[in-house]
Amino acid sequence: MPEDSTTLVLGVDLGGTKILTAVIDPQGKMLSRDHSVTPARKGREAVVESILESTHRALARANISVGSLTAVGIGAPGLVDPVAGMVLTSPHLPGWRNVPLRDLVEERLGKQAFLINDANAAALGELHFGAARGARNFIYVTVSTGIGGGIVIDGELYSGATGAAGEVGHMTIDDTGPPCNCGNRGCWETLASGTALAREARQRIEAGDRTSILEYAGGDTAKVTAQAIHSAAIKGDRLARELITRTGYYIGVGLANLINIFNPELIVIGGGLSNIGDILLQPAFKVAGERAYRETFSAVRFASAGLGRDSGVLGAAAFALRAMRQLPCEQGDETELL
Ligand SMILES: [Zn+2]
């Protein structure tokens with residue numbers, strides 16, 4: 001597809017706590033960006049209003065009018081139907097059920113809009129502009145408070161029958177494991193996310209285990225976070241290191257499942273928890289190697305997300321650009337290997 005220098009899209013990354021909007025060109029360059037807080041508790045009208053306000057600030061910073069946009073791409077958390085343009089349900093947006101977010105934004109801005117799940121968007125962001133450039137078969141996994149994912153098969157995002165594919169965080173790892181907010185038990189994210197790590201630490205502290213983790217949580221067990229555990233681990237705290245290794249173990253079990261099912265050439269790992277780095281990921285890769293078929297494991301590379309927190313907003317823009325057939329041909333592979 002020939003590059004059109006006048007093509008600009010607006011990317012929207014709607015999260016449960018923040019909204020990021022950016023004006024983006026087909027090469028993934030951000031001309032402007034705007035951050036704001038998601039008024040999730042005030043209901044969907046307030047959220048849509050905040051998206052529009054953020055959009056206008058991003059447009060003003062890029063010195064363009066809404067008329068200069070080719071389209072709008074929106075990434076939203078939860079179960080999303082991209083064909084219907086609806087957020088079906090979202091644990092991060094209380095009260096949202098079958099919300100026609102695409103049409104609400106389209107009507108207010110007078111621009112064609114596209115809606116996609118946020119982790120699927122991040123996968124597209126990495127495919128077009130980040131660590132997965134040039135990959136044909138890859139899986140994006142984001143490990144933070146939960147676990148999300150996006151599956152790319154033969155260069156195309158696999159969206160499933162109703163657009164809900166890629167919910168890797170809800171594959172069952174332990175059939176009698178902790179309850180998950182999806183209604184199942186022992187989902188991957190109940191064992192391998194930042195939330196799971198913090199929960200495990202709180203239980204061990206309450207059981208009387210010796211640790212310095214509380215020093216990084218203001219002395220309050222309820223305030224123990226993955227960040228506090230990481231800080232303690234850096235200082236050599238044994239419990240903190242043990243808990244991070246355990247979380248890495250469960251990350252590896254899930255990765256082994258993905259490797260055996262999809263035989264990907266690449267798995268890109270993003271999300272806040274992955275920033276812990278080697279003490280989390282080395283046990284994960286070791287366990288994945290022990291559990292997956294040797295043949296499929298030897299075919300996969302692991303890379304850290306190349307776009308950081310911008311993968312979602314860039315991916316939402318890429319989704320709109322793909323839909324409008326405005327993306328340049330894929331570039332070479334510049335993956336940073338882990
Ligand atoms: Zn679940």
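None of the values given here were measured: they were computed from a predicted structure.

Engineer: A description of the overall build of the protein chain should follow, citing residues and the corresponding values.
Structural biologist: Secondary structure assignment for the protein chain yields ten helices and 13 strands. Across its three principal axes, the protein chain shows a C-alpha extent of roughly 60 × 45 × 35 Å. When burial is assessed residue by residue, the protein chain has 54% of its 338 residues classed as buried. Long-range contacts, defined here as pairs at least 24 residues apart, represent 63% of the contacts in the protein chain between residues at least 6 apart.

Engineer: Could you give an account of the coordination of the zinc ion, naming the residues involved and the relevant values?
Structural biologist: The protein atoms donating to the zinc ion are His-170 (ND1), Cys-180 (SG), Cys-182 (SG) and Cys-187 (SG), with metal-donor distances spanning 2.0 to 2.3 Å. Metal-centred angles of 105 to 120 degrees between the four donor atoms at the zinc ion mark the site as tetrahedral. Counting along the primary sequence, the residues that act as donors to the zinc ion give the motif H-x9-C-x1-C-x4-C. Overall, the relative accessible area of 42% leaves Cys-182 in the partly exposed class.

Engineer: If you had to explain the packing of helix H1 (residues 44-62) against helix H2 (residues 101-109) to someone new, which residues and values would you point to?
Structural biologist: Where H1 contacts H2, the axes come no closer than 11 Å and their chain directions differ by 50 degrees. Considered as vectors, H1 and H2 are oriented oblique to each other. Where H1 crosses over H2, the handedness of that crossing is right-handed. Residues Arg-44, Val-48, Glu-49, Ile-51, Leu-52, Thr-55 and His-56 of H1 lie in contact with H2, whose contacting residues are Leu-101, Leu-104, Arg-108 and Leu-109.

Engineer: Please provide a residue-by-residue account of the side chain of Lys-111, values included.
Structural biologist: Structurally, Lys-111 can be placed in the loop between H2 and strand E8 (113-117). Glu-106 provides the closest opposite charge to the buried, unpaired Lys-111, separated from it by 11 Å. Beyond its immediate sequence surroundings of up to four residues, Lys-111 is in contact with Val-66, Gly-67, Leu-69, Thr-70, Val-72 and Glu-106.

Engineer: Please set out unusual backbone geometry residue by residue, giving values where relevant.
Structural biologist: A positive phi angle is found at Asn-98, which is not glycine, with a value near 50 degrees. Along the chain, Asn-98 turns up in strand E7 (residues 97-99). With relative accessibility at 44%, the residue Asn-98 sits in the partly exposed group. At Asp-154, a residue that is not glycine, the phi angle is positive and equals roughly 50 degrees. Of note, Asp-154 is situated in the loop between strand E10 (147-153) and strand E11 (156-157).

Engineer: For the environment of Thr-70, give the residues involved together with the corresponding values.
Structural biologist: Turning to its location among the elements, Thr-70 is positioned in the loop between H1 and strand E4 (71-76). A sequence separation of 100 residues divides Thr-70 from His-170, and the C-alpha atoms of the two residues are 35 Å apart. Dropping the residues within four chain positions of it, Thr-70 is found in contact with Thr-7, Leu-8, Val-9, Lys-111 and Met-324.

Engineer: Tell me about the sheet that holds E11, and please be specific about residues and values.
Structural biologist: The strand order across the open sheet built from five strands is E11-E10-E9-E12-E13, with neighbouring strands paired in mixed fashion. Strands at the two margins of the open sheet, each flanked by one partner only, are E11 and strand E13 (301-304). Direction of pairing for strand E12 (residues 266-270) relative to E13: parallel, over a ladder of four bridges. In the sheet register, Ile-267 faces E13, and the bridge partner there is Phe-302. Relative to strand E9 (residues 138-143), helix H3 (residues 118-129) is tilted by about 125 degrees, and along the sheet it contacts E9, E10, E11 and E12.

Engineer: So what's going on with the sheet that holds E8? Residues and values would help.
Structural biologist: Taken in spatial order, the five strands of this open sheet run E3-E2-E1-E4-E8, and their pairing is mixed. The two strands at the open ends of the sheet, each matched to only one other strand, are strand E3 (30-37) and E8. Between one strand axis and the next, the sheet turns by 15 degrees as a mean value, whatever way the strands run. As defined by bridge partners, strand E1 (residues 9-14) adjoins strand E2 (residues 18-24) across six bridges and the pair is classed as antiparallel. Residue pairing in the sheet places Val-12 in a bridge with Thr-21 of E2.

Engineer: Help me get a handle on the nonpolar core, residues and values and all.
Structural biologist: Counting residues in each nonpolar core, the largest one holds 46 residues, and the members touching the most others are Trp-188, Ile-213, Leu-255 and Ile-267. Looking at this core, the elements with two or more residues in it are E9, E10, helix H4 (188-192), helix H5 (194-206), helix H6 (226-234), helix H7 (238-262), E12 and helix H8 (278-291). A per-element tally of this core places H7 first, with eleven residues. Contact partners of Leu-255, with chain neighbours within four places excluded, come to Trp-188, Ile-267, Ile-269, Ala-284, Phe-285, Ala-288 and Phe-302. Formed by 32 residues, the second largest nonpolar core is a distinct cluster that contains Ala-121, Tyr-140, Leu-266 and Val-268.

Conventions and cut-offs
- Residues numbered from 1 in each chain as written.
- Predicted model: local features only at pLDDT ≥ 70, side-chain atom pairs only at ≥ 80, totals over all residues.
- Heavy atoms only, no water.
- Helix = DSSP H or I, 4+ residues; strand = E, 2+ residues; numbered from the N terminus.
- Buried < 20%, exposed > 50% of the residue type's maximum accessible area, 1.4 Å probe, protein only.
- Contact = heavy atoms within 4.5 Å.
- Donors = N, O, S within 2.8 Å, 3.2 Å for Na, K, Ca; no water.
- Tetrahedral: all angles 85-135°; square planar, octahedral: opposite > 155°, others 65-115°.
- Axes fitted to C-alpha atoms, helices over the stretch in contact; angles between N-to-C directions.
- Parallel < 35°, antiparallel > 145°, perpendicular 65-115°, else oblique.
- Left-handed = near helix turned anticlockwise from the far one by under 90°.
- Lys, Arg positive; Asp, Glu negative; His and termini not counted.
- Salt bridge = Lys/Arg side-chain N within 4 Å of Asp/Glu carboxyl O.
- Pairing = 2+ DSSP bridges.
- Core = buried A, V, L, I, M, F, W, Y, C linked by side-chain atoms within 4.5 Å.

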